Amino acid sequence: MALSNSFEESSTIGDAGLIVHAHDIHKSFGSLEVLKGVSLDVVRGEVVVLIGPSGSGKTTFLRCINHFEKPDVGFVQVNGHLIGSKLDRGGQRVDASAREVATQRAEIGFVFQHFNLFPNRTAMENVMLGPIKVQKMSKEKARTLALAQLEKVGLSSKADRYPAQLSGGQKQRVAIARSLAMSPALMLFDEPTSALDPEVIGEVLTVIRDLANEGMTMVIVSHEIGFAREVADRVAMFDDGQIVEIGTPQQLFDTPSQARTKSFLSKVL
Amino acid sequence: MLISTLQFDTSFFWHELFGPSSAFLGGLWRTVYISIIAQLLAVVIGLLVALARRSTLRILRGVAGAYVWVLRGTPLLVQLVIVYDGLAATDIYRFQDVTVLGVTILASVQAAILTLALNESAYMSEIIRAGLAAVDVGQNEAALSVGMTPTQAMRYVVVPQAMRFVIPPLGNDFNAMMKSTSVLSVIGVPELFLITQEISSSTFHTFEIFMDAALYYLALTTIWAFVQTWLEAKIDRSWGIERAQRSWWASIRERFQDPKTLGIGRRA
Ligand SMILES: Nc1ncnc2c1ncn2[C@@H]1O[C@H](COP(=O)(O)OP(=O)(O)OP(=O)(O)O)[C@@H](O)[C@H]1O
Ligand SMILES: [Mg+2]
């Protein structure tokens, strides 16, 4: 839906149309090389779904985008900002301070497989905390904003519930609302439905689908092939630390060109 | 004379129990406030030490580790004498009575609060460290993901959650703290134990007055057990967790009888 944004012409770094520009990311944990040169560009409004076998590096790649992991080689730009770095006076790339990294992360939403809601805060307070502490928003304004975000994920009636009193699907929707409250330029989802009971997966996917329709830029790790087919502009197949194939859902699911994609799909479909 | 003191003077016992002398009450009051202030200071210092032990700076970790090692590895009694008598004898620091807003704080009481706070802070730092470690790393990441700095994530997300894991062992330490104030008598703090000893030597009613003192200590630790039970339930409620309905009596009994929670042999 967003690929029409003249992607070819606008691929220069820092261009307004390019939200994610990940270039040649390498990442090792000890002697294990988990990412072996991953590059990915995502334009504004685009939805990219990452698939691939367990251990292929999908989570690690996602975590490099918001600097939960620091790439050994390569760099990531989000919305024109070099993530985790800045240029010093001499034009050299140096590490950004913790505060600068935090400011960069504020515009990148991250939705976790296990929700990670703050258990000692109500749904409302979970959503309010970022705006209050990070954006220094007043409590009243944050409350109004939080209620609007909860409304959007269909949970305004559960605003005063604690996470322990919510179902898995409800928790994940609150977590999405918590990210949205920061008005992110980009949302990252790491298997948002794989910790959920089958009967509540649908309600979370509906929320993500609505976001896609509103034009939210998203990178989603998911094994929900039917969902990917429906919302993804492109699907990227990860294997062994690399993107082995990338294309529209039709290309990738119906006419995969790589043997590894075919064998992976034959297992999950 | 000798014969009469061998008998249990019931009226003296009841009289001191229900109408204690002002000296006795003064000692009790000192025991209470010294314990509370020392424990509060210990929590604050302990938190700083626990954070220092998680620091990325190696020197800071080393200093904090040494602090805990020394304070936990030496008896409270020895620490007390060093702080109060040792520092004065070497002219390094001599505690003086100070009067703030018309209230005089004895030199020995200042030394007592300081030493108890430092000693307990070493134990608190370990308790808080375990509490921080018990908070899921995903909580920290969730805080970072909305744009908090690591310091904000610690302050607004991780530390408040660690409290839930810290309160039960902290409560046991405070129970021990109230009892270990009795060693303050060696530096002449007129707390419950020293006052009891003085009453004992002036009246020769040793058994009666120490039984009274024991009952007062027991009352203090029992009241604290109630406070702790209430506090734990309150924290659970603030997480939206309703405790299984247990009678308060059962939970208090458990607190006093479970060998793990008694803190036996931990202190000098
Ligand atoms: N912090 C870490 N320290 C050491 N090894 C790690 C760390 N994080 C990930 N790994 C390893 O890196 C490899 C890739 O992990 P990653 O989580 O990125 O895979 P994934 O594609 O998300 O897999 P899954 O589908 O199981 O979530 C795995 O072998 C994993 O064990
Ligand atoms: Mg993963």
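As a reminder, the structure under discussion sits directly above these lines.
Reading the values: the criteria
- Residues numbered from 1 in each chain as written.
- Chains lettered and ligands numbered in written order.
- Predicted model: local features only at pLDDT ≥ 70, side-chain atom pairs only at ≥ 80, totals over all residues.
- Heavy atoms only, no water.
- Helix = DSSP H or I, 4+ residues; strand = E, 2+ residues; numbered from the N terminus.
- Rg over C-alpha atoms; globule rule 2.2 N^0.38 Å.
- Contact = heavy atoms within 4.5 Å.
- Near = heavy atom within 4 Å.
- Polar contact = N/O pair within 3.5 Å; in protein donor to acceptor, adjacent residues only side chain to side chain.
- Areas by Shrake-Rupley, 256 points an atom, 1.4 Å probe, with all protein chains shown as cover.
- Nonpolar A, V, L, I, M, F, W, Y, C, P; charged D, E, K, R; others polar.
- Pairing = 2+ DSSP bridges.
- Axes fitted to C-alpha atoms, helices over the stretch in contact; angles between N-to-C directions.
- Expected span 1.5 Å × (residues − 1).
- Bend = angle between axes of the 7 residues up to and from the residue.
- Buried < 20%, exposed > 50% of the residue type's maximum accessible area, 1.4 Å probe, protein only.
- Parallel < 35°, antiparallel > 145°, perpendicular 65-115°, else oblique.
- Left-handed = near helix turned anticlockwise from the far one by under 90°.
- 1 Å grid on protein atoms, 1.4 Å probe; cavity = no way out; pocket = protein on both sides within 12 Å on 5 of 7 lines; lining within 4 Å.
- Points joined across faces, edges and corners; volume = space filled by probe spheres on them.
- Buried area = accessible area lost by both parts, 1.4 Å probe.
- Salt bridge = Lys/Arg side-chain N within 4 Å of Asp/Glu carboxyl O.

Chemist: Give me the lowdown on the overall build of chain A, citing residues and values where you can.
Modeler: The number of helices and strands found in chain A is nine helices and 12 strands. For chain A, whose C-alpha radius of gyration is 19 Å, the value lies close to the compact-globule estimate of 18 Å for 269 residues. Seen along its three principal axes, the alpha-carbon backbone of chain A occupies a region of about 50 × 50 × 40 Å. The long-range share in chain A, meaning contacts at least 24 apart out of those at least 6 apart in sequence, stands at 63%.

Chemist: How would you summarise the site of ligand 1 if you had to cite specific residues and measurements?
Modeler: All names here are of chain A. All residues adjacent to ligand 1 are Phe 29, Leu 32, Val 34, Pro 53, Ser 54, Gly 55, Ser 56, Gly 57, Lys 58, Thr 59, Thr 60 and Glu 191. In this structure, Ser 54 approaches ligand 1 through a side-chain N or O atom, which is 2.6 Å from an oxygen atom. Separating an oxygen atom of ligand 1 from a side-chain N or O atom of Thr 59 is a distance of 2.7 Å. Protein contact buries 59% of the 630 Å² of open area that ligand 1 shows by itself. Looking at the shell around ligand 1, the elements with two or more residues in it are strand 2 (32–43) and helix 1 (58–65). Tallied by class, residues from the shell around ligand 1 come to four nonpolar, six polar and two charged.

Chemist: Account for the sheet that holds strand 1 (residues 18–29) of chain A, with residues named and values stated.
Modeler: Residue and element names in this part refer to chain A. One open sheet holds the four strands; their spatial order is 2-1-4-5, and the pairing between them is antiparallel. The sheet is open, and its two borders are formed by strand 2 and strand 5 (81–82), each paired with just one other strand. Sheet topology places strand 1 next to strand 2; nine bridges connect them, and they run antiparallel. What sits directly across from Ile 25, in strand 2, is Val 38.

Chemist: So what's going on with the sheet that holds strand 3 (residues 47–51) of chain A? Residues and values would help.
Modeler: All names here are of chain A. With mixed pairing, the six strands of this open sheet are ordered in space as 8-9-10-3-11-12. Looking at strand neighbours, the two that pair on one side only are strand 8 (108–111) and strand 12 (242–247), the edges of this open sheet. For this sheet, the mean inter-axis angle between neighbouring strands, taken without regard to orientation, is 15°. Bridge analysis of strand 3 against strand 11 (residues 234–239) gives four bridges, and the strand direction is parallel. Of the residues in strand 11, the one forming a bridge with Ile 51 is Met 237.

Chemist: Kindly report on the pairing of strand 4 (residues 73–78) of chain A, identifying the contributing residues and their values.
Modeler: Residue and element names in this part refer to chain A. With five bridges joining them, strand 1 and strand 4 adopt antiparallel strand pairing. Note that in strand 4 the partner of His 23 across the bridge is Phe 75. Where strand 4 meets strand 5, two bridges bridge the pair, whose relative direction is antiparallel. Across the sheet, Gln 77 pairs through a bridge with Leu 82, a residue of strand 5. As consecutive antiparallel partners, strand 4 and strand 5 are separated by two residues, and within that stretch Asn 79 has a phi angle of approximately 55°, a positive value.

Chemist: Explain helix 5 (residues 76–89) of chain B to me, and be specific about the residues and the numbers.
Modeler: Residue and element names in this part refer to chain B. Here helix 5 is 14 residues long and its end C-alpha atoms lie 19 Å apart, about the 20 Å a rise of 1.5 Å per residue gives. Along helix 5, the largest kink reaches about 35° and is centred on Ile 82. Along helix 5, the positions that sit buried rather than exposed are Leu 76, Gln 79, Leu 80, Val 83 and Ala 88. Taken together, the buried residues of helix 5 touch helix 4 (58–73), helix 6 (107–134) and helix 8 (150–180).

Chemist: I'd like a rundown of the packing of helix 4 (residues 139–152) of chain A against helix 5 (residues 168–180) of chain A, residues and numbers included.
Modeler: Residue and element names in this part refer to chain A. The geometry of helix 4 relative to helix 5 is characterised by a closest axis approach of 9 Å and an angle of 135° between their N-to-C directions. When the axes of helix 4 and helix 5 are compared, the pair comes out oblique. Relative to helix 5, the crossing made by helix 4 is right-handed. Residues Gln 149, Leu 150 and Lys 152 of helix 4 form the contact with helix 5, whose own contacting residues are Val 174, Ala 177 and Leu 180. Looking at side-chain class alone, the contact of helix 4 with helix 5 contains four nonpolar, one polar and one charged residues.

Chemist: Pulling in residues and values, what's your account of the environment of B:Gly73?
Modeler: Residue and element names in this part refer to chain B. When you line up the elements, Gly 73 lands in helix 4. Here Gly 73 falls in the exposed class, since its relative accessible area comes to 59%. Separated by 55 residues in the primary sequence, Gly 73 and Phe 18 have C-alpha atoms spaced 41 Å apart.

Chemist: Tell me about the layout of surface pockets, and name the residues and values.
Modeler: Residues and elements named next belong to chain B. Of the volumes computed, that of the largest pocket is approximately 370 Å³. Residue lining of the largest pocket: 17 residues in total, with Leu 51, Arg 54, Asn 140, Pro 150 and Met 154 positioned closest to the centre. Every element with two or more residues in the lining of the largest pocket is listed here: helix 3 (22–53), helix 6, helix 7 (137–145) and helix 8. Top element by residues in the lining of the largest pocket is helix 8. It accounts for six residues.

Chemist: Let's hear about the interface of chain B and chain A: which residues, and what values?
Modeler: How big an interface is tends to be stated in terms of accessible area lost as the parts join. Contacts between the two partners involve 22 residues from chain B, matched on the other side by 26 residues from chain A. In total, about 2,000 Å² of surface goes out of reach between chain B and chain A, with carbon and sulfur atoms giving 60% of it. For the chain B face of the interface with chain A, the top three residues by lost area are B:Glu141, B:Ser145 and B:Val146, together amounting to 27%. Where chain B packs against chain A, one counts one salt bridge. Across the salt bridge formed by A:Arg63 and B:Glu141, the nearest N and O atoms sit 2.8 Å from each other. Taken together, the connections running from chain B to chain A amount to five residue pairs in polar contact (both at pLDDT 80 or more). At seven residues, the largest contribution of residues to the side of chain B that touches chain A is made by helix 7 of chain B.

Chemist: So what's going on with the pattern of salt bridges? Residues and values would help.
Modeler: If you walk through the whole model with that rule in mind, you get 16 salt bridges over all chains. A salt bridge links B:Asp236 to B:Arg164; the shortest N-O distance between them is 2.8 Å. Linking B:Asp236 in helix 10 (residues 206–237) with B:Arg164 in helix 8, this pair joins segments that are 72 residues apart in sequence. Since its relative accessible area comes to 8%, B:Asp236 is described here as buried. Beyond isolated ion pairs, a larger network of salt bridges with shared partners links A:Arg63, A:Glu69 and B:Glu141.

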